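# Overview (structure and organization)
Spelled out from the first residue to the last, the chains are:
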Amino acid sequence: MTLPILLNLAVALAVCALLYRMQASHQSFTRRVFTGLGLGVLLGAALQAIYGAASPEVSGTNAWLDVVGSGYVKLLQMIVIPLIMVSIVGAILKLRDAASLGKISALTIGILIATTAVAALIGIAMAKLFGLTAVGLTASAAEVARGEYLQGSLSTAKEISLPSMILSFIPANPFLDMTGARKTSTIAVVLFSVFVGIAATGIAAKKPAEFASFSHFVHVAHTIVMRMVTLVLRLTPFGVFALMTKVVAGSSLQDILNLLNFVLASYSALFLMFGVHLLLVALAGYNPLRFVKKIMPVLVFAFTSRTSAGSIPMNVATQTRRLGTPEGIANFSASFGATIGQNGCAGIYPAMLAVMIAPTVGIDPWSMAFLLPLVAIVVFGSIGVAGVGGGATFAALIVLSALDLPVALAGLLISIEPLIDMGRTALNVSGSITAGTLTSRALGASNMAVFNSDEETNLDGEEQAA
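Residues numbered from 1 in each chain as written. Predicted model: local features only at pLDDT ≥ 70, side-chain atom pairs only at ≥ 80, totals over all residues. Heavy atoms only, no water.

## Regarding the overall build of the protein chain
Looking only at helices and strands, the protein chain features 21 helices and zero strands. Expressed as a percentage of its 466 residues, the buried residues of the protein chain come to 53%. In the protein chain, the proportion of contacts linking residues at least 24 apart, taken out of those at least 6 apart, comes to 84%. In the form shown here, the protein chain has an accessible surface area of approximately 19,200 Å², with 68% of it arising from carbon and sulfur atoms. (Helix = DSSP H or I, 4+ residues; strand = E, 2+ residues; numbered from the N terminus. Buried < 20%, exposed > 50% of the residue type's maximum accessible area, 1.4 Å probe, protein only. Contact = heavy atoms within 4.5 Å. Areas by Shrake-Rupley, 256 points an atom, 1.4 Å probe, with all protein chains shown as cover.)

Next comes the structure, spelled out in structure tokens:
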């Protein structure tokens, strides 16, 4: 390890010490997260300015920072499956009503898919406004390689069908899905947990003693898992700092400038769709500014980590502790929202890409004959993403292949993909929280006292300084 890398890590360690002191002095969770974010941006920019994005000093520093950043993400992923299982089973034991369960599922999925259709329309509008087109773009060696990879992945996307997708959600081996081995493991575990919960409620009247024992077991398991969630969430400021430093230090400013128009169009679409989320919660009777304040920490984590699935524990904690959404609804929306109806990855991105690439093969992207099938395919693809993994890439492959457009051209955006993916992931998480909030409100289950409380509830269980 060279002296420059040691100095870089010493600075990073000093930042972590500062964040720990803020935690020890009971400063608010939101303040600590934003401090980690800001210091990560500053350190990353300094590293890039001093050494250069592709330098061995930056690579070596990022490798050690990855232990903190990716390690934190892995810890969150570790508790996703246990959290889903105990929360959903526990919620069903309390509901004892299959009709309520059906309403929750239908409303949550319906909102996710409907907002994805709106996201696609916004993506199309921004592509028109910014005049996006792939005509005339040149490709570097990395982009050519990416294009070839996408072309090779096309067969996987073409094999996707709605029946096969639905079938992949059914957990033939629930213990395999508990390991996260399949791309549809999260939904499979949700379905298995629902099945366990319904089976348990079925013995409540016939075998009350056994039902009481099982309910107690689930309650104890839920208490322990939620303690695990609290312990992991305390590491959020450190994880955000490490992740943000790595992203900024390793980004190429020139690559961003070369495709600045697409970056601006993408973030314009993302902000507009976020505005749609705020409009929906406002129409449901929530204060949108308060809503933003309460969900901002989880959006910051989603932005820096680029993982919707890893955001599930913080997503659930935000909905239950800050928004007043019941735990069962929060788990449904967070789990389904991480794999179905992703507004950013499966809505805006593939729609913009299709409009951008269509002119290269002589198709008018603004004709209704092109736009109507595009929106329909985007909605279908937003479900298909859960079946193949790869997020926005496979969502784009599904849409482009269905419209018979050249998928290799999507490789032209490889250099700015991480930058845009950060915003897309934050929007995905915002969409799932919005779906949970609206579902809870529609069913009359929201605790508005929690939402309207001015006292900030720390997601990590730490007491806030007065």
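Moving on from the coordinates now.
## Observations concerning the packing of aromatic side chains
Taken as a whole and judged by the stated rule, the model has five aromatic pairs. Where Tyr72 meets Phe301, the ring centres are 5.3 Å apart and the plane angle is 85°; that geometry is what we call edge-to-face. Of this pair, Tyr72 sits in helix H3 (residues 56–95) while Phe301 is found in helix H14 (residues 288–305), placing the two residues 229 residues apart along the sequence. For the residue pair Tyr72 and Phe301, the accessibility class agrees, reading buried in each case. On the numbers, 6.4 Å between centres and 45° between planes, the contact of Tyr267 with Phe271 is tilted. Separated by four residues within a single helix, Tyr267 and Phe271 lie in helix H13 (residues 260–283), roughly one turn from each other. Positioned over the ring face of Tyr349 is Arg424, at 4.2 Å from the centre of the ring. The ring of Tyr286 carries Arg441 above its face, with NZ or CZ at 5.6 Å from the centroid. (Phe/Tyr/Trp six-rings, centres within 6.5 Å; stacked < 30°, edge-to-face > 60°. Lys NZ or Arg CZ within 6 Å of the ring centre and 35° of its normal.)

## Section: the pattern of salt bridges
In total, this model carries three salt bridges according to the counting rule given. Of the charged contacts in the structure, one is a salt bridge between Arg306 and Asp421, with a shortest N-O distance of 2.9 Å. Remark: Asp421 occurs in helix H20 (residues 417–442) and Arg306 occurs in the loop between H14 and helix H15 (312–321); sequence separation between them is 115 residues. Given the relative accessible area of 35%, Arg306 is considered partly exposed. Taking the shortest distance from any N to any O, the salt bridge between Asp421 and Arg424 comes out at 2.9 Å. (Salt bridge = Lys/Arg side-chain N within 4 Å of Asp/Glu carboxyl O.)

## Thoughts on unusual backbone geometry
Note: most residues except glycine have negative phi, and most peptide bonds are trans. Of note in this structure, His26 is not a glycine but carries a positive phi near 60°. Among the structural elements, His26 can be located in the loop between helix H1 (3–24) and helix H2 (29–51). In the Ramachandran plot, Arg306 falls in the positive-phi region, its phi being about 60° despite a non-glycine side chain.

## So, the packing of H1 against helix H11 (residues 236–250)
Orientation of H1 relative to H11, taken along the N-to-C sense of each, is 155°, at an axis distance of 10 Å. Considered as vectors, H1 and H11 are oriented roughly antiparallel to each other. Here H1 runs over H11; the crossing is right-handed. Only Pro237, Phe238 and Phe241 of H11 make contact with H1, whose side of the interface consists of Ala12, Val15, Cys16, Leu19, Tyr20 and Gln23. For the contact of H1 with H11, the per-class residue count stands at eight nonpolar, one polar and no charged. (Axes fitted to C-alpha atoms, helices over the stretch in contact; angles between N-to-C directions. Parallel < 35°, antiparallel > 145°, perpendicular 65-115°, else oblique. Left-handed = near helix turned anticlockwise from the far one by under 90°. Nonpolar A, V, L, I, M, F, W, Y, C, P; charged D, E, K, R; others polar.)

## Overview of the nonpolar core
Generally speaking, a soluble globular protein has its nonpolar side chains buried in company with each other. Judged by nonpolar contacts, the single largest core of 107 residues is most densely connected at Phe370 and Leu374. The dominant element in this core, judged by the number of residues it contributes, is H3, at 12 residues. Among all residues touching Leu374, those that are not within four sequence positions of it are Ile124, Ala351, Ala354, Val355, Val399 and Leu403. Within the second largest apolar cluster, 13 residues are counted, among which are Ala12, Val58, Phe238 and Phe241. (Core = buried A, V, L, I, M, F, W, Y, C linked by side-chain atoms within 4.5 Å.)

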